[in-house]
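Residue-level structural notes
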Number of protein chains: 2
Amino acid sequence: MLASAGILIPSTVAGLYGRGVLMERVAEFVSHWVNEAGVSDGAEFLRFPPLMPRRSFEDSGYFRNFPNLVGTVHCFCGDEEDHRLLMRTHDAGGDWTSQQSASDLVMVPAACYPVYPAVAARGPVAAAGQIFDVCSYCFRREPSQDPNRQQMFRQHERVYIGNPEGARAFRATWVDRAKELASLLGLPFQVVPANDPFFGRTGRIMIRGQIEQALKLELVTPSVAESGETACVSFNLHLDKMAQAFGLEFEDRTQPHTACVGFGLERLALAVFWHHGTDVGGWPRALVDALVSHGGRLP
Amino acid sequence: MLASAGILIPSTVAGLYGRGVLMERVAEFVSHWVNEAGVSDGAEFLRFPPLMPRRSFEDSGYFRNFPNLVGTVHCFCGDEEDHRLLMRTHDAGGDWTSQQSASDLVMVPAACYPVYPAVAARGPVAAAGQIFDVCSYCFRREPSQDPNRQQMFRQHERVYIGNPEGARAFRATWVDRAKELASLLGLPFQVVPANDPFFGRTGRIMIRGQIEQALKLELVTPSVAESGETACVSFNLHLDKMAQAFGLEFEDRTQPHTACVGFGLERLALAVFWHHGTDVGGWPRALVDALVSHGGRLP
């Protein structure tokens, strides 16, 4: 249905899709809405590409918890002779990728990851705290037939770096704003405590801790997958975990708390199609008005 | 200068940058301008993520010509025991990436690459020809201190698929439009025949062919690098090369010609800063008016 309506363009790899104009209009509107809703944040606007230095990534500890989701970029570093060998390997139907070596780059797993090392490089964090606005493709290696589980998807995130009370207030504000967005999009929703799919046995212990401390909340809605609810927005308290990982410090050498809220652009758009169909004529009036007012006539 | 003004945010890897708000405003304006200038194209709007299936990529022959620029995505496919080994390797300061295996994904080297397999999958190409609009991050493995040579950069492309005359007409139209854009941006420019940095000895022969047939033109301007001119827009005739590589056919089984024009969003924005400085107050009036009219008050 999504493919035949030109909403998603499947590729030969599961979980890797192109997008048509209507899908993109909804996704862009969500991103625009986040900017408008958060205008009083005084956020610093930053944009990072979907790759980050492997060194910063190692600092994050991500591959300790989610090794199965990580993507590293490998490259060819050889000379002309190596290249002839590579081409011979390929032309004989062999595995030319074995001649690739790990580079110093990895795929960004969440839009906020490049923020922490960039801010740490500036020196001490301001006592008053600061909010950052980022939006990026993210990579997670989980090939799936469920279009809500894409290997390459976009998150529009706001990130708070400051004190513990500020982090909680930031998150509470954005939970309210996200509920407004879900209402405007005409989606039934709940905001619920959530857990990340940590890897292995140690991971299962971490899930328990995360739920008990309510560090992660998600806005969920029924969407596409018959299996239940899909998380479209997540609201995360990191305590001082990110500060420790990336060396963020206040002037007095103590460590700030951080928090982030991430809007899944593809998931929110897909939820709109799931609930209202692919014919804009049948969409809620307020949603159509908002889309038109942002980007002009709908296709 | 670009870093201290918050235009680019350097990382610990050469050629990998974040971007500040003013840089992004100019880049987004260029992308918007391409859409407006090309509105009469009746282009089909498509968006693809910056990864593509390795199989399609192999069809393209790109790694035969530019093996040194390719990035492949590798992943961890092991179980809990492998993961413990991986973590022990990392914690001992070893190379944990050797436990990554090649996935079925590669980095997109040019924004138009995913278009050809997607269109081929639809069946025969319409005799009248068709134009597509794409915009994506592209990856090229060429670490450099020159900010015009980023490893991850964005191209806004228009792609023509149809007959040889249509391909030439499409390119001529976009050369004219790109000249208009360069004038609006206040950039001195030339449109010149160009060549790609093919790899190795066979590559050097291909360069000669490309120049003799004027298959590739570039709009160049002095920018940042003292070494000379920087290509900011490229205009390419592929003859039937892409059709052959990706299996594009007309109804009668003959192969279409293709052409593409690619606007380098980062390079065009950097050229603006190079020629006009980082203080918007000193920029050409027409440019400021156009930026404000598109995106509101400038920072």
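Along each chain, residue indices are assigned from 1 in the same order as the chain's sequence is written. The lettering of chains begins at A and the numbering of ligands begins at 1, in the order of writing. At least 70 in pLDDT is required for a residue's local features to be given in this predicted model, at least 80 for side-chain atom pairs to be given and counted, and no such filter applies to totals for whole chains, interfaces and linings, which use all residues. Heavy atoms from the whole structure form the basis of all side-chain values; hydrogens and water molecules are not counted.

What about the overall build of chain A?
By definition, any uninterrupted DSSP run of H or I lasting at least four residues is a helix, any uninterrupted run of E lasting at least two residues is a strand, and each is numbered from the N terminus. What chain A contains, in helices and strands, is 10 helices and 12 strands. Taking 2.2 N^0.38 as the reference for a compact globule, 299 residues should give roughly 19 Å; the C-alpha atoms of chain A span a radius of gyration of 21 Å, in line with that estimate. C-alpha extents for chain A along the principal axes are approximately 60 × 60 × 40 Å. A burial count over chain A gives 58% of its 299 residues as buried. In chain A, the proportion of contacts linking residues at least 24 apart, taken out of those at least 6 apart, comes to 71%. In these tables, accessible area is a Shrake-Rupley quantity obtained with a 1.4 Å probe, and a residue counts as shielded only by the protein chains included in the view. Counting only carbon and sulfur atoms, one obtains 50% of the accessible surface of chain A, whose full area is about 12,200 Å². Between the averaged position of the 27 positive side-chain charges in chain A and that of its 33 negative side-chain charges there is a distance of 3 Å. Our radius of gyration looks at C-alpha atoms and nothing else; its globule reference is 2.2 Å times the residue count to the power 0.38. For every residue, the accessible area (1.4 Å probe, protein chains only) is compared with the maximum for its type, and the residue is labelled buried under 20%, exposed over 50%, or partly exposed between those bounds. Contacts are assigned to residue pairs that have any heavy atoms within 4.5 Å of one another. Counted charges follow a simple rule, with Lys and Arg positive, Asp and Glu negative, and His plus the chain ends left uncounted. A charge is said to be at NZ when it belongs to Lys, at CZ for Arg, at CG for Asp and at CD for Glu.

Observations regarding the interface of chain B and chain A
With 61 residues of chain B in contact, the opposing surface of chain A contributes 61 residues. Carbon and sulfur atoms supply 68% of the area buried between chain B and chain A, which totals about 5,200 Å² over both sides. A quick way to say it: buried area is the sum, across both parts, of accessible area lost when two parts are put together, with a 1.4 Å probe. On the chain B side of the interface with chain A, the three residues burying the most area are Phe-63, Arg-64 and Trp-96 of chain B, jointly 11% of the side's total. We count a salt bridge whenever a side-chain nitrogen from Lys or Arg sits within 4 Å of a carboxyl oxygen from Asp or Glu. In this structure, the connection of chain B to chain A is made through 4 salt bridges. Of the charged contacts in the structure, one is a salt bridge between Asp-104 of chain B and Arg-141 of chain A, with a shortest N-O distance of 3.1 Å. In protein, a polar contact requires one atom able to donate a hydrogen and another able to accept it; more generally it is a pair of N or O atoms within 3.5 Å, and residues adjacent in sequence count only if both atoms are side-chain atoms. Counting across the interface, chain B meets chain A through 17 residue pairs in polar contact (both at pLDDT 80 or more). For the side of chain B that touches chain A, a count of residues per class yields 31 nonpolar, 16 polar and 14 charged. Under the grouping applied here, Gly and all other residues not named as nonpolar or charged are polar, the nonpolar ones being Ala, Val, Leu, Ile, Met, Phe, Trp, Tyr, Cys and Pro and the charged ones Asp, Glu, Lys and Arg.

Quick look at empty space enclosed by the protein
Residues and elements named next belong to chain B. Both cavities and pockets are sets of points on a 1 Å grid over the protein atoms alone; in a cavity a 1.4 Å probe fits but cannot get out, in a pocket the set is open with protein on both sides within 12 Å along at least five of seven lines, and lining residues sit with an atom within 4 Å of a point. Grid points are joined across faces, edges and corners, and a volume is the space filled by probe spheres set on the points. In this structure the tally under the stated criterion is 1 cavity of 30 Å³ or more. Empty space within the largest cavity amounts to approximately 30 Å³. Phe-57, Tyr-62, Leu-69, Val-70, Gly-71, Met-107, Pro-109 and Phe-139 are the residues that line the largest cavity. Its residues assigned to classes, the lining of the largest cavity shows 7 nonpolar, 1 polar and no charged.

A few points about the packing of helix H1 (residues 21-37) of chain A against helix H10 (residues 285-295) of chain A
Residues and elements named next belong to chain A. Here an angle of 0 to 180 degrees is reported between the N-to-C directions of two axes, which are lines fitted to C-alpha atoms, with helices fitted over the stretch in contact. At a minimum axis separation of 10 Å, H1 and H10 run at an interaxial angle of 85°. The pairing of H1 with H10 is recorded here as roughly perpendicular in orientation. Every residue of H10 that contacts H1 at Arg-25, Val-26, Glu-28, Phe-29 and His-32 is listed here: Ala-290, Leu-291, Val-292, His-294 and Gly-295. Class assignment for the residues of the contact of H1 with H10 results in 5 nonpolar, 3 polar and 2 charged. Any angle that is under 35 degrees is reported as roughly parallel, and any over 145 degrees as roughly antiparallel; angles of 65 to 115 degrees are reported as roughly perpendicular and all others as oblique.

A few points about the relation of the copies chain B and chain A
Here chain B sits on chain A after a turn of 180° about the axis and a move of 0.0 Å along it, with an RMSD of 0.0 Å. Such a turn and shift between the copies fits a two-fold axis. By C-alpha distance to the rotation axis, the residue of chain B lying nearest is Val-73 of chain B, at 2.4 Å. A symmetric contact is evident, with 100% of the interface residues of chain B recurring at the interface of chain A. Copy-to-copy alignment: least squares on C-alpha atoms, limited to residues at pLDDT 70 or above in both.

Here's the deal with the domain arrangement of chain A
All names here are of chain A. Residue ranges labeled as domains rest on an automatic or database domain assignment. Segmentation of chain A into domains returns domain 1 (8-70 + 109-295) and domain 2 (73-106). One C-alpha centre belongs to domain 1, the other to domain 2; they are set 35 Å apart. Interface area for domain 1 against domain 2, summed over the two sides, is near 500 Å², with a carbon-plus-sulfur share of 66%. Ranking the residues of domain 1 by area buried against domain 2 places Leu-51, Met-52 and Arg-54 at the top, with a combined share of 81%. Between the two partners, domain 1 and domain 2, sit 0 salt bridges. Looking at the side of domain 1 that touches domain 2, the elements that each hand over two or more residues are strand E4 (51-53) and helix H2 (54-60).

Some points on the packing of H1 of chain A against helix H9 (residues 265-276) of chain A
Residues and elements named next belong to chain A. Contact geometry of H1 with H9 gives a least axis separation of 9 Å together with a crossing angle of 120°. Between H1 and H9, the crossing angle belongs to the class labelled oblique. Here the hand of the crossing between H1 and H9 comes out right-handed. Facing Leu-22, Met-23, Val-26, Ala-27, Val-30 and Ser-31 of H1, the residues of H9 in contact are Leu-265, Glu-266, Leu-268, Ala-269, Leu-270, Val-272 and Phe-273. Crossings are sorted by hand: turned counterclockwise from the far helix by less than a right angle, the near helix makes the crossing left-handed, and turned clockwise it makes it right-handed.

With respect to the sheet that holds strand E8 (residues 152-162) of chain A
Residue and element names in this part refer to chain A. DSSP-based pairing: two strands are paired if at least 2 bridges between them are found. Strand order in this open sheet of 7 strands is E3-E7-E8-E12-E11-E10-E9, and the pairing throughout is mixed. This sheet does not close on itself; its edge strands, each paired only once, are strand E3 (44-45) and strand E9 (190-193). Most of the contacts of H1 go to E8, to which it runs at about 5°, and overall it touches strand E7 (130-139), E8 and strand E12 (257-264).

Observations regarding unusual backbone geometry
Residues and elements named next belong to chain B. A positive phi is found at Leu-239, a non-glycine position, where the angle reads about 50°. For Arg-253, which is not glycine, the phi torsion reads 75° and is therefore positive. When you line up the elements, Arg-253 lands in the loop between helix H8 (241-246) and strand E12 (257-264). According to the relative accessible area criterion, Arg-253 is exposed, its value standing at 61%.

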